[in-house]
Amino acid sequence: MIRSLLFAAFASIVLASCTDAANGQSAPSAKSAFQAQRGEGLPYEVSDTEVWDVPDPVSARDYQVFVALPPSYRDQPQRRYPVLYVTDADYAFPVIKQIGRRLNVERPTVEEYILVGLSYAKGEGGMQSRRRDYTPTPNGPSTAPADAEHGKAAAYAAYVRDQVLPFVAGRYRTDERRRLFLGHSYGALLGAEILLSEPRLFDGYILGSPSFWYDHHHMAEREKAYAAKHKDLSARVYMYIGEYEEMRPGDPRYAKDVNMVTDTRAMDRALRSRNYPSLRMEVEVLNDEDHFTVAPRGFTRGLKYLLPAKAP
């Protein structure tokens, strides 16, 4: 089982992906025995979850995957399930786990799925991992620390493809035709990189508040390069962005230095203009939300789009 993190930890991470000025925090180490001796409380843990070490033999970095199985998993041994892979697992994994459960409290709203969280590298803070693993080029923002490493998204995607996906498929009853990806901010930038380089790696993509501003809108050039060589893009894509993720001088609710709503709409227009026969896409600007607040609502909307409950 894994410990849950406060929403504030995620807030510092996603802000840093826009300003690159904060350090993300990884989960603290367990101190159960010490706390018990002192009569202190124990860490809160997310129930019904598993943690597995899945190292990357290429980079020699140690990563973990967090797994939550659907309620019916043990009672229906012949059933196979779609799998949702989520980046920034320290925050997103426990949040999405509970959202998925609550959506089905009164009636089936989303199909049951296996949830897999992609962790940061062991021994690293969140921003160190995500700067390196989620960005497509080494040209990070000028506000990043001088020694910050960027641009290893392709290598990290290869790790997910060659190590994580086979590990999960070999251990759980997955429906490999229905692998889904969810990423927010830099995580969505990673998702866009996969979508435009190896789109069939996942059947569906939830791309939240994507950092399309990165490296002078590099992803816009990636989209053009893909379109020049391909006549189809086989994927289902849901993109969300908060209304306030756009600059509006004088209004503190709005972003200070990037126009992420404009960027998301531009990517939407570009992809739709290609008339790809197999692309299914929905894009929403969620009102009264900013980069800090939009994720849980976007997660919910994305789950309902990609995994609607089947009619009885």
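Structure report, in brief. (Residues numbered from 1 in each chain as written. Predicted model: local features only at pLDDT ≥ 70, side-chain atom pairs only at ≥ 80, totals over all residues. Heavy atoms only, no water.)

A tally of helices and strands in the protein yields nine helices and ten strands. Of the contacts made within the protein by residues no fewer than 6 positions apart, 72% connect residues no fewer than 24 positions apart. (Helix = DSSP H or I, 4+ residues; strand = E, 2+ residues; numbered from the N terminus. Contact = heavy atoms within 4.5 Å.)

A few words now on the nonpolar core. Counting residues in hydrophobic clusters, the biggest one holds 58 residues, and the most contacted among them are Y85, I114, V164, F202, Y205, L207 and V237. The biggest single contributor to this core is helix 5 (residues 153-171), with nine residues. Excluding residues within four positions of it along the chain, F202 makes contact with Y85, V160, L165, R179, L180, F181 and I194. The next biggest cluster of nonpolar side chains, apart from the first, holds 27 residues, and it includes L84, V86, V95 and A295. (Core = buried A, V, L, I, M, F, W, Y, C linked by side-chain atoms within 4.5 Å. Buried < 20%, exposed > 50% of the residue type's maximum accessible area, 1.4 Å probe, protein only.)

One can expect most non-glycine residues to show negative phi and most peptide bonds to be in trans. Backbone geometry at A60 places phi at a positive 65°, although glycine is not the residue there. Tracing the chain through its elements places A60 in the loop between strand 3 (49-53) and strand 4 (64-68). Owing to a relative accessible area of 63%, A60 belongs among the exposed residues under this scheme.

With that out of the way, let us pick up the packing of aromatic side chains. Counting across every chain of the model gives 19 aromatic pairs. A cation sits over an aromatic face here: R171 above W52, 4.0 Å from the ring centre. Of note, R173 hangs over the ring of Y73, and the distance from its end group to the ring centre comes to 4.0 Å. (Phe/Tyr/Trp six-rings, centres within 6.5 Å; stacked < 30°, edge-to-face > 60°. Lys NZ or Arg CZ within 6 Å of the ring centre and 35° of its normal.)

Turning to helix 9 (residues 294-306), a few remarks are in order. When the terminal C-alpha atoms of helix 9 are compared, their 18 Å separation across 13 residues agrees well with the 18 Å that a helix rising 1.5 Å per residue should span. Buried within helix 9 we find V294, A295, G298, F299, G302, L303 and L306. Buried residues in helix 9, looked at end-on, bunch into an arc of 155°, giving them a common side. (Expected span 1.5 Å × (residues − 1). Arc of directions from axis to C-beta.)

The next subject is the packing of helix 6 (residues 186-195) against helix 7 (residues 214-229). Describing two packed helices takes the angle between their axes plus the distance from one axis to the other. Where helix 6 meets helix 7, the closest approach of the two axes is 10 Å, and the angle between their N-to-C directions is 30°. It follows from the interaxial angle that helix 6 and helix 7 lie roughly parallel. Along this stretch, helix 6 crosses helix 7, giving a crossing that reads as left-handed. Packed against helix 6, whose contacting residues are Y186, L189, A192 and E193, the element helix 7 presents Y214, M219 and R222 at the interface. Taken together, the residues that form the contact of helix 6 with helix 7 break down as five nonpolar, no polar and two charged. (Axes fitted to C-alpha atoms, helices over the stretch in contact; angles between N-to-C directions. Parallel < 35°, antiparallel > 145°, perpendicular 65-115°, else oblique. Left-handed = near helix turned anticlockwise from the far one by under 90°. Nonpolar A, V, L, I, M, F, W, Y, C, P; charged D, E, K, R; others polar.)

What follows concerns helix 7. With 16 residues, helix 7 extends 23 Å from end C-alpha to end C-alpha; this agrees with the ideal 22 Å at 1.5 Å per step. Of all the residues in helix 7, the buried ones are Y214, D215, M219, R222, E223, Y226 and A227.

Right, let's get into the sheet that holds strand 6 (residues 114-118). Spatial ordering of the open sheet is given by 3-4-6-5-7-8-9-10, a layout of eight strands whose pairing is mixed. If you trace the sheet from one side to the other, it starts and ends with strand 3 and strand 10 (279-286), each paired once. Each adjacent strand pair in this sheet contributes to an overall mean axis angle of 20°, direction not counted. Where strand 4 lies against strand 6, four bridges are found, and the strand directions are antiparallel. Directly across from F66, in strand 6, lies its bridge partner G117. The strands touched by helix 3 (residues 89-103) are strand 3, strand 4, strand 5 (81-86), strand 6 and strand 7 (174-184); relative to strand 6, the strand with the most contacts, the crossing angle is about 165°. (Pairing = 2+ DSSP bridges.)

Once that is clear, we can look at the environment of Y276. Following the sequence through the fold, Y276 ends up in the loop between helix 8 (260-273) and strand 10. Note on Y276: relative accessible area 7%, which makes it buried. Along the primary structure Y276 and H230 are separated by 46 residues, whereas in three dimensions their C-alpha atoms are 9.0 Å apart.

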